[in-house]
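# Report on the structure
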Amino acid sequence: MRSIIALLTALCALAAPPAVRREGPFFRISGGSNETEVAVYVGEGDVPPVMGTFTKDGADLLFHPRYELEKTAASRVVVQGREFRFPAEMEALPRTTIVEKVYPSGPEIPANQLKFYIHFSAPMHPGEAWENLKLLDHKGKVVELAFIEIDQELWDREARRLTVLFDPGRIKRGVLPREEVGAALEPGATYTLVAQSNWRDARRVPIRADFRHTFKVVPEDRTPIDPNKWRITSPASGTREALVIDFGEPLDAALALRLITIPTTPGEAHLANAERQWRYTPAKPWPATRQTIQIDTSLEDLAGNKVGRPFDVDTFDRVTVRTNRGQVTLSFQPR
Amino acid sequence: MKNLGLNKWIACAALITGAAFAAPGAGMVAKKLELGAAGPLAFGPPGILFVGDSASASLVAIDTGDRAANKGAGTIELKGINTKMAAALGTTPDQISIQDLAVNPVSHNIYFSVSRGKTPVILKLDVAGKLTEVALDNIAHARVSLPDAPADVKDSRGNSKRMETITDLGFADGRVFIAGLSNEEFSSSLRSIPYPFQAAAKGASIEIFHGAHGRFETNAPVRTFTTYTVANKPHLLAAYTCTPLVTIPLSELQPGNKVKGKTIAELGNRNRPLDMIVYKKDGKDYILMANSSRGVMKLAANNLEKYDAITAPVADKQGVPYETLADLKGVQQLDAYDSKSAVMLMSDAGSMDLRTVTLP
C-alpha cells in the first residue's frame, strides 16, 4: 500500500504543471523539467536564449544567467512550450548626468584650435559622441567634418572626459580638406559647441539637458610656447601661499596640470583665468631655498604648439636630430 | 584591420614549413583573462586571436583552439545581430556596442569584441549560425604591455585621465602592428610587437612622416591599415584621416626608426576610412575600403609601386584611381570572409546587420 502511495505521489509530481519563480539573479523552475525543456529570453522576436548555466536544487532546476539580466528589461521563461513572463524590475532611471565643464573654458579660441575636453558629472556610454556632439556656426548651421570621428572615441578610463580632436585636415596648412572646404573655424566668427540631450550616460540614461558652449574665434596661433615669457609671482617662504604663473595665453588644460611640476615641493595645481594661469599650493610651507619648476616640452597650447616648436613646422629634414621629449626648467626664489 | 589573405598565407606557409612560428599557443598559460576593454581584433597564426585592450594599455593573444578547417557558411544574412547579441547576454540592444569583428581564416567562424555595458565580452558566431561566448575564465592567453605606453602619471591632484586608445591592429610577418591615439598630447603612434611575445622584447615605436602635405610633419592618426605586397616586399598600407593612403615597407618598421611613408593616393575630401581589406579577383589585386560618408571604395591595387609619391598638395583626388560602390551603405566593419566574399557589419536605422557580400 505504502509503495502505491509513493508511486502515486511521484506520478502527481511528474504531472504537476511547471512553475517558474524569479529568485534574485536566477530563475527557479519546478515541476520536474530538464534543461533541454527550458529557455530564458530577454527581448521579443527571433532572438537566441539568454546564455547561462543550470543547476539542480532538489527536484527544481535553477537557471543562472551568464550576466545579471538588465533590470529595465522584461524577461520570459519558456518551459515545455509554456511561457512565463516577468516584468522589468526597474523603471527608467532619472536623468541626472550633466556636462560639468568644457576646456578650453575661455570665450575665445584660436582658429587652429586643436581639441576640446568635455567633462561629464558621471561615466558616459562610449559610442554616441558623434551623433550628439555638434559644432554650429553663428547661424546655427552644423559645421561639417569639424572633428576626427574616431569610432572608439577618446575617453578617459572612467568615461567621464571625452577628448575631441578637430580634424587635422581642417587645421594644418597645405592639406587637402582645408584647401577644399576651408578651415573649420574662421577668425572673427562665433561658434557654439553643443552636447545634445540624447547623449546617454553609462546607465543608458540621457543627460539632463542640451549643453551649449559659445566662443569667438581669434586669429591662428603658430607661436611656440616660451616659458621664459611666463610671469612668476613668488610666494612667501614659510607660508602655503600659492605660486602663480601667468602664461600670457591659455594652455591645454590636461597637459598644463600634468606636465608642469615642482618635484622637490609636492603640492596641488589648479588652473585659473581660463587656463591662462597656473596656481600651485604646496602641501607644506615653502622652504627658503630656490625652487625649480620642471616643464615637459610636450606641453601644448590650445593650437598644439609645444615648448620651442610650433604645431606644423616642417621637421622632416631634421628628423634625425629632433628629440621627442625633454624638460626645460624655470626657477624662483620664495620671498 | 583584420587578418588578410597575405597574412593568412604567410602564416600557413610558415606553419607548414615549421619555420617562423612556434606552435600556436606556445608559451601561453591557461588562466582567467581579465580584459579592461575589448577593442580591435585580428587573427594571427592559426587559432590565435589578438585583442587590443586600451584600458590596460596592452595587447592580448588568446588561443581560441579554433583550428579546424571549414569552408565557411557560404552566404550570411543576419539582420539585427546586435539585438540577438543583446538577448543572449540578457540585456537590451542599447546596452551593447560591437567594437570589431574578425574572421578566423581557417575555420571561418566570426569573432566579435562587444561591450555589454562596461563589461568586455568576446563572442563567436560559428558557421552553423550559433552565437556563443568565448569563455575567458580559464583560457590559454598571453599579454604584453604596449611599449612606451603612456605611463599612468597622475597630476598633482591625483587624477590620471591620460590614455592611449588602440585604433587598429594587424598581424603580418611575425609581428603585430598596433595603431594608437593619445587622448591628451596630439600624437598618434604605430607600434610593432613580435609574436610569440617575449618577456624582455621591447616592441618598436615608429614615427611616420608623410611626404605630402607640403612636407609638414604630421601626427595625424592612422585610421586603419592593412598589409600588402608591393614590388614583392610586404608593406603596410595605411589610411590616414586627412585623406592620404600611404605605403611603408614592413622591413623599415623597426624599433626607434623614423620612417617616411610614401603617399600613393589622395582620396579627396570627405574621405573617412573606417576599415579596409586587400583581395584578389580574376588575377588582379584590389583594396576595399569602408568609408563613413562615401559607402565602400574599391581601388585597383596592382603595381602600387608604379605610382609616384605625392609630394605636393593636390587640388582633389590624385594617385591610385578608385570607384565608389554606393549601394553598400552604413558599413561599420569589414573583413575578408573567403576567397569570394567579404563579411560586413552594416548599420541600418539602429539595426546592425551582418552580411556577406561578393567581392566586387
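Residues numbered from 1 in each chain as written. Chains lettered and ligands numbered in written order. Predicted model: local features only at pLDDT ≥ 70, side-chain atom pairs only at ≥ 80, totals over all residues. Heavy atoms only, no water.

## Points about the environment of glutamine 196 of chain A
Here is the rule: In this description a helix means any DSSP run of H or I spanning at least four residues, a strand means any run of E spanning at least two, and both kinds are numbered starting from the N terminus.
Structurally, the position occupied by glutamine 196 of chain A is in the loop between strand E14 (190-195) and strand E15 (211-218). Separated by 115 residues in the primary sequence, glutamine 196 of chain A and glycine 81 of chain A have C-alpha atoms spaced 45 Å apart.

## A word on the nonpolar core
Applicable threshold: Residues grouped as a nonpolar core are buried Ala, Val, Leu, Ile, Met, Phe, Trp, Tyr and Cys residues, joined through side-chain atoms within 4.5 Å. Accessibility here uses a 1.4 Å probe with only protein chains present; expressed as a share of the type maximum, an area under 20% marks a residue as buried, one over 50% as exposed, and anything in between as partly exposed. Contacts are assigned to residue pairs that have any heavy atoms within 4.5 Å of one another.
Membership of the largest hydrophobic core comes to 31 residues, with the highest contact counts inside it found for Phe116, Leu135, Phe147, Leu185, Leu193, Trp199 and Phe215 of chain A. At the level of elements, strand E8 (99-103), strand E10 (115-120), helix H2 (129-132), strand E11 (133-136), strand E13 (161-165), E14 and E15 of chain A are the ones that each hand at least two residues to this core. With near-sequence residues (within four places) excluded, phenylalanine 116 of chain A lies in contact with Val102, Tyr103, Pro104, Ile109, Phe147, Leu162, Thr163, Val164, Phe166, Leu193 and Phe215 of chain A. By size, the runner-up hydrophobic cluster in this structure holds 24 residues, among which are Met51 and Tyr67 of chain A together with Val121 and Leu354 of chain B.

## Here's the deal with the environment of histidine 270 of chain A
Residue and element names in this part refer to chain A. Note the threshold: We call two N or O atoms a polar contact when they sit within 3.5 Å, provided that within protein one can donate a hydrogen and the other can accept it, with sequence-adjacent residues counted only if both atoms are side-chain atoms.
Mapping histidine 270 onto the fold places it in strand E19 (residues 267-272). Owing to a relative accessible area of 33%, histidine 270 belongs among the partly exposed residues under this scheme. On a C-alpha basis, the gap between histidine 270 and alanine 242 in space is 9.8 Å, while along the polypeptide they are 28 residues apart. At 3.2 Å, the side chain of histidine 270 forms a polar contact with the side chain of glutamate 268.

## Re unusual backbone geometry
Cis geometry marks the peptide bond from tyrosine 103 of chain A to proline 104 of chain A, where omega comes out at 0 degrees. If you trace the backbone, proline 104 of chain A turns up in the loop between E8 and strand E9 (108-110). Following tyrosine 195 of chain B, the chain continues into proline 196 of chain B via a peptide bond in cis, with omega recorded as 0 degrees. Phi is positive for glutamate 153 of chain A, which is not a glycine, with a value near 60 degrees. Within the fold, glutamate 153 of chain A resides in the loop between E11 and strand E12 (154-155). Phi at asparagine 273 of chain A is positive, roughly 55 degrees, even though this residue is not glycine. Structurally, the position occupied by asparagine 273 of chain A is in the loop between E19 and strand E20 (277-282).

## Let's talk about the pattern of salt bridges
Residues and elements named next belong to chain A. Our working rule: In the sections that follow, a salt bridge refers to a side-chain nitrogen of Lys or Arg positioned within 4 Å of a carboxyl oxygen of Asp or Glu.
Tallied over the full model, the rule gives 30 salt bridges over all chains. Here arginine 85 makes a salt bridge to glutamate 83, at a shortest N to O gap of 2.9 Å. A salt bridge links lysine 115 to glutamate 300, with the shortest nitrogen-to-oxygen separation between them at 2.8 Å. In this pair, lysine 115 sits in strand E10 while glutamate 300 sits in the loop between strand E21 (291-296) and strand E22 (327-332), placing the two residues 185 residues apart along the sequence. What you see here is one network of salt bridges that share partners, running through Arg21, Glu23, Arg28, Asp57 and Asp60.

## Digging into the pairing of E21 of chain A
Residues and elements named next belong to chain A. How we decide: Following DSSP output, two strands are said to pair if at least two bridges run between them.
Sheet topology places strand E18 (residues 260-261) next to E21; two bridges connect them, and they run antiparallel. Across the sheet, residue threonine 261 finds its bridge partner in E21, namely glutamine 294. Two elements, E21 and E22, share six bridges in a ladder whose sense is antiparallel. For threonine 292, the partnering residue across the bridge sits in E22 and is serine 331.

## With respect to the sheet that holds E21 of chain A
The strand order E18-E21-E22 (chain A) describes an open sheet built from three strands, whose pairing is antiparallel. Of all strands in the sheet, those bounded by a partner on one side alone are E18 and E22 of chain A.

## Observations regarding the sheet that holds strand E5 (residues 60-65) of chain A
Residues and elements named next belong to chain A. Formally: Orientation is described by axes fitted as lines to C-alpha atoms, over the contacting stretch for helices, and by angles from 0 to 180 degrees between their N-to-C directions.
Spatially, the four strands line up as an open sheet ordered E1-E2-E5-E4, and their pairing is antiparallel. If you trace the sheet from one side to the other, it starts and ends with strand E1 (19-23) and strand E4 (52-57), each paired once. Across the sheet, the mean angle from the axis of one strand to that of its neighbour is 25 degrees, orientation sign disregarded. Here E4 pairs with E5 via six bridges, running antiparallel. From the neighbouring strand, lysine 56 faces E5, where its bridge partner is leucine 61.

## Details of the side chain of threonine 356 of chain B
Residues and elements named next belong to chain B. The residue threonine 356 is located in strand E26 (residues 351-358) in this model. By relative accessible area, threonine 356 is classed as buried at 12%. Ignoring anything within four residues of it in the chain, the contact list for threonine 356 reads Gly74, Thr75, Ile76, Tyr337, Ser341, Ala342 and Val343.

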